[in-house]
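Residue-level structural notes
Listed here are the chains, written in short residue letters.
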Amino acid sequence: MKLDPVSLRLFVAVMEESTIAAAAAREHLAASAVSRRLADLESALQVELFTRSNRGTEPTAAAFALLHMARGVLNDLDGIASQMRDYGTGVRGHVRVVANISAITQFLPGELQSFLALHPQVDVRLQEQISTAIAQSVAENAADVGILNDGNYGDRITLLPYRTDELVLVVPTGHALARRKAVTMAEALAFDFVGVHPGSAINNQLTRAAAEAGLPLRLRIQVTSYDALCLMVAAGLGIGVMPRGSAALYKGTLAIRAVTLNEPWAQRRLALGVRTEESLSSVARLLVDHLRNPQRPTTLP
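This text gives an overview of the structure that appears in the document. Each chain carries its own residue numbering, running from 1 in the written order of its sequence. Restriction of local features to residues with pLDDT of at least 70 applies here, the model being predicted, together with a cutoff of 80 or more for giving and counting side-chain atom pairs; totals for whole chains, interfaces and linings are based on all residues. Just so you know, side-chain values use all the structure's heavy atoms and leave hydrogens and water out.

1. A look at the packing of aromatic side chains
Pairing of aromatic side chains here covers Phe, Tyr and the six-membered ring of Trp, requires ring centres within 6.5 Å, and sorts the geometry by plane angle: under 30 degrees stacked, over 60 edge-to-face, intermediate tilted. Enumeration according to the criterion identifies two aromatic pairs in this entry. Ring centres 6.0 Å apart and planes at 65 degrees place the aromatic pair F11 and F50 in the edge-to-face group. Of this pair, F11 sits in helix α1 (residues 5-17) while F50 sits in strand β1 (residues 50-53); the two residues are 39 residues apart in sequence, bridging distant segments of the chain. A 1.4 Å probe rolled over the protein chains alone gives each residue an accessible area, and that area as a share of the maximum for its type sets the label: buried under 20%, exposed over 50%, partly exposed in between. By relative accessible area, which is 2% here, F50 ends up buried. Ring geometry for F107 against Y162: centres 6.0 Å apart, planes inclined by 85 degrees, an arrangement best described as edge-to-face. You can see F107 sitting in the loop between α5 (101-106) and α6 (108-118) and its partner Y162 sitting in strand β6 (residues 158-172), a full 55 residues away along the chain. Accessibility assignment for this pair places F107 and Y162 in one class, buried. Each helix is a run of H or I in the DSSP string that is no shorter than four residues. Each strand is a run of E no shorter than two, and both are numbered from the N terminus.

2. Looking at the nonpolar core
Across soluble globular proteins, nonpolar side chains have a tendency to be buried as a group. By size, the foremost hydrophobic cluster in this structure holds 36 residues, and its most contacted members are L169, M185, F193, V241, M242 and L261. Secondary structure elements with two or more residues in this core: β6, α8 (185-188), β8 (193-195), α9 (201-213), α10 (226-234), β10 (240-243), α11 (244-251) and β11 (256-261). Excluding anything up to four places from it in sequence, M242 contacts E166, L167, V168, V170, I202, Y226, L229, C230, A247 and Y250. The term nonpolar core refers to a set of buried residues drawn from Ala, Val, Leu, Ile, Met, Phe, Trp, Tyr and Cys, joined through side-chain atoms within 4.5 Å. In terms of nonpolar packing, the next biggest core, distinct from the first, is built from 24 residues, A103, L112, L287 and L291 among them. In this analysis, two residues are considered to be in contact whenever any of their non-hydrogen atoms come within 4.5 Å of each other.

3. Thoughts on the pairing of strand β3 (residues 93-99)
For β3, the buried fraction is high: seven of the seven residues fall into the buried class. The side-chain alternation of β3 yields two buried faces, one formed by G93, V95, V97 and A99 and the other by H94, R96 and V98. Here the rule is simple: two strands pair whenever DSSP picks up at least two bridges between them. Note: β3 against strand β4 (residues 122-128), seven bridges, orientation parallel. Directly across from V98, in β4, lies its bridge partner Q127. Here three bridges tie β3 to strand β5 (residues 145-149), and the two strands are oriented parallel to one another.

4. Considering the pairing of strand β2 (residues 56-59)
Remark: a regular strand shows side chains that alternate across the two faces of the sheet. Where β1 and β2 come together, four bridges link them in antiparallel fashion. Within the sheet, the bridge partner assigned to F50 lies in β2 and is P59. Counting the residues between successive antiparallel strands, the hairpin from β1 to β2 contains two residues.

This is the structure:
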């Protein structure tokens, strides 16, 4: 059996984009060419990967099983090509990183800047996701390194210590809570909230805290970034919860104030997630070492 890497790459594109047409557009090919490649792949594997009807194509259980393996194969092939390019271009490879917004806004800009200054030959590809999606991306080999809230994500990924942060309550400067040094969640729940990503760790924590206090969580609006949250809070649309380091970025330009949350869960730990430390490529290990010890110079083997 001979498997064509191009067909595998097109298969992954179809799985990620959900339709043949979208995958074809992404890969700059005709939809008929992508469909033909999928048929050839099914013939080579002697298994049905998609069920076809007048409503389109639906992946089978075999397709989801192949997706994880195909990503691993393609990543290994990319790694070979990347390392061979070392001899001609000096590029030493790439690392796929997925991180939550807390890590991206508080820690990664400076840490990636110092890493790339030391290793300009390494290409870091960063994408934002919520923590549960990060764990899944790492487990399925869609990412090499994840940065997420510490927690229980099953045994398919390994968590390594990274950083700690603190959640605070963000309120407009004229708000009833603005002059307080610290508040409890029960006190904050008397007011409307601006929430962040549905399914995010912060939103899940707010829901749990409201349930434990026996009070409703009045989410007036939900946004997908901390800058949008701060803008909505400054406009008087509610109060919000976010990391202190992220809130500090906006306090100088917006009429908001960060108030300490007197709750044990406000102190959080962030972790680095990898499939296994042994599975890391040399450049991915280099980045992990740098993120865990940003003050210590790192060198390629």
